[in-house]
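Commentary on secondary and tertiary structure
Spelled out from the first residue to the last, the chains are:
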Amino acid sequence: MLFGGFDIVVIVLVIFVILVLFAGIKTVPQGYRYTIERFGRYTRTLEPGLNLITPFIERVGAKLNVMEQVLNVPTQEVITKDNASVSADAVSFYQVLNAAQAAYQVSNLENAILNLTMTNIRSVMGSMDLDELLSNRDAINDRLLRVVDEAVHPWGIKVTRVEIKDIQPPRDLVDAMARQMKAEREKRAQVLEAEGSRNAQILRAEGAKQSAILQAEGQREAAFRNAEARERLAEAEAKATKMVSEAIAAGDIQAINYFVAQKYTEALTSIGSAPNSKIVMMPMEASSILSSLAGIGAIAREVFGDAGNNPSTPLPVPPRPRPAPARSTPPINPSTPNPFNPEQER
């Protein structure tokens, strides 16, 4: 089949139209932005989806990722305010907000953000002491975020986070810090132990004080009760003496006999019940004791018996005690001097 000249022209035109269509249709994926340049000048930004451009006049300038991205900051040496050398690394999160600014305001965007972050890390950490640097990591992150985000704002970039991953002081400095921490903890332990000992002594003193107070109060109460008991005993004794005196004044001689016999019996009882008495030496005769006992019996019969109703009835005379058998004494040697014989001594 032979094509004529007109057919060839039509085919060429169809192919050209297809090429123009393919050149003018641009598909932008989600999370990306394309910048369009017309004769080398920025004109607009293509959004995600199907877009049309003018072929051979407009072209895609830059393809930018507008999703949040992570940028690792390598480890670097930092000199602190107190001249301590530490190693620190970080991680930065940023996002492209304006594709045109990010494409045309700065060259090599990631390298620019990286160097800016590293410079600010040295500046922020170098203005702090080592102790403050190790204990205030959140404050360092906040300062870095504020400074870096303000610096990249003209580029159409938003720095969302800057985090210090690790801070490594020198080994000798770490050992010194460990010794310092150990000394601080030992000091704290000694202080707590001293405070505990002081509190224990105070509590023991308070307990001794309360015990002494309670003991003194108990002794005072006991003395008061003993004095009250003695007072009542004295009152009872005085009342009994008064009653005996009234009976004697009334002519009843048996009252004084009863009073004397009672005291005599109580004295003998106390002498005989003493725990350390084994032998009791009584300087009186047996007949006197028996006569006293007989008098006590007569008083009892007078008080409780029928004889008490008739005063004229004669009281029975107690029997006389039998004389004790004479003890045999060993013969005294005439040649031996007798200390109880004065004539022998002469």
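Throughout what follows, the structure given in this document is the object of discussion.

1. With respect to a nonpolar patch on the surface
- On the surface, Phe-16, Val-17, Leu-21, Ile-25, Phe-39, Leu-50, Leu-52, Phe-56 and Ile-57 cluster together into a nonpolar patch covering about 1000 Å² of accessible area.
- Contributions of two or more residues to the nonpolar patch are made by helix H1 (5-24) and strand E4 (49-52).
- For the nonpolar patch, the leading source of residues is H1, giving three residues.
- Mapping Leu-52 onto the fold places it in strand E4.

2. A closer look at the pattern of salt bridges
- Per the stated rule, a full pass over the model turns up nine salt bridges.
- Here Arg-38 makes a salt bridge to Glu-58, at a shortest N to O gap of 2.3 Å. You can see Arg-38 sitting in strand E2 (residues 32-38) and its partner Glu-58 sitting in strand E5 (residues 58-65), a full 20 residues away along the chain.
- Of the residues examined, Arg-38 reaches a relative accessible area of 39% and is grouped as partly exposed.
- On the basis of relative accessible area, Glu-58 is assigned to the buried category, the value being 6%.
- The salt bridge partner of Asp-149 is Lys-158, with a shortest N-O separation of 3.4 Å.
- Through salt bridges with shared partners, a single network forms among Arg-38, Arg-44 and Glu-58.

Here is what the cut-offs are and how they apply
Residues numbered from 1 in each chain as written. Predicted model: local features only at pLDDT ≥ 70, side-chain atom pairs only at ≥ 80, totals over all residues. Heavy atoms only, no water. Patch = residues over 30% accessible without salt bridge, like charges linked within 9 Å, V, L, I, M, F, W, Y side chains within 5 Å. Areas by Shrake-Rupley, 256 points an atom, 1.4 Å probe, with all protein chains shown as cover. Salt bridge = Lys/Arg side-chain N within 4 Å of Asp/Glu carboxyl O. Helix = DSSP H or I, 4+ residues; strand = E, 2+ residues; numbered from the N terminus. Buried < 20%, exposed > 50% of the residue type's maximum accessible area, 1.4 Å probe, protein only.

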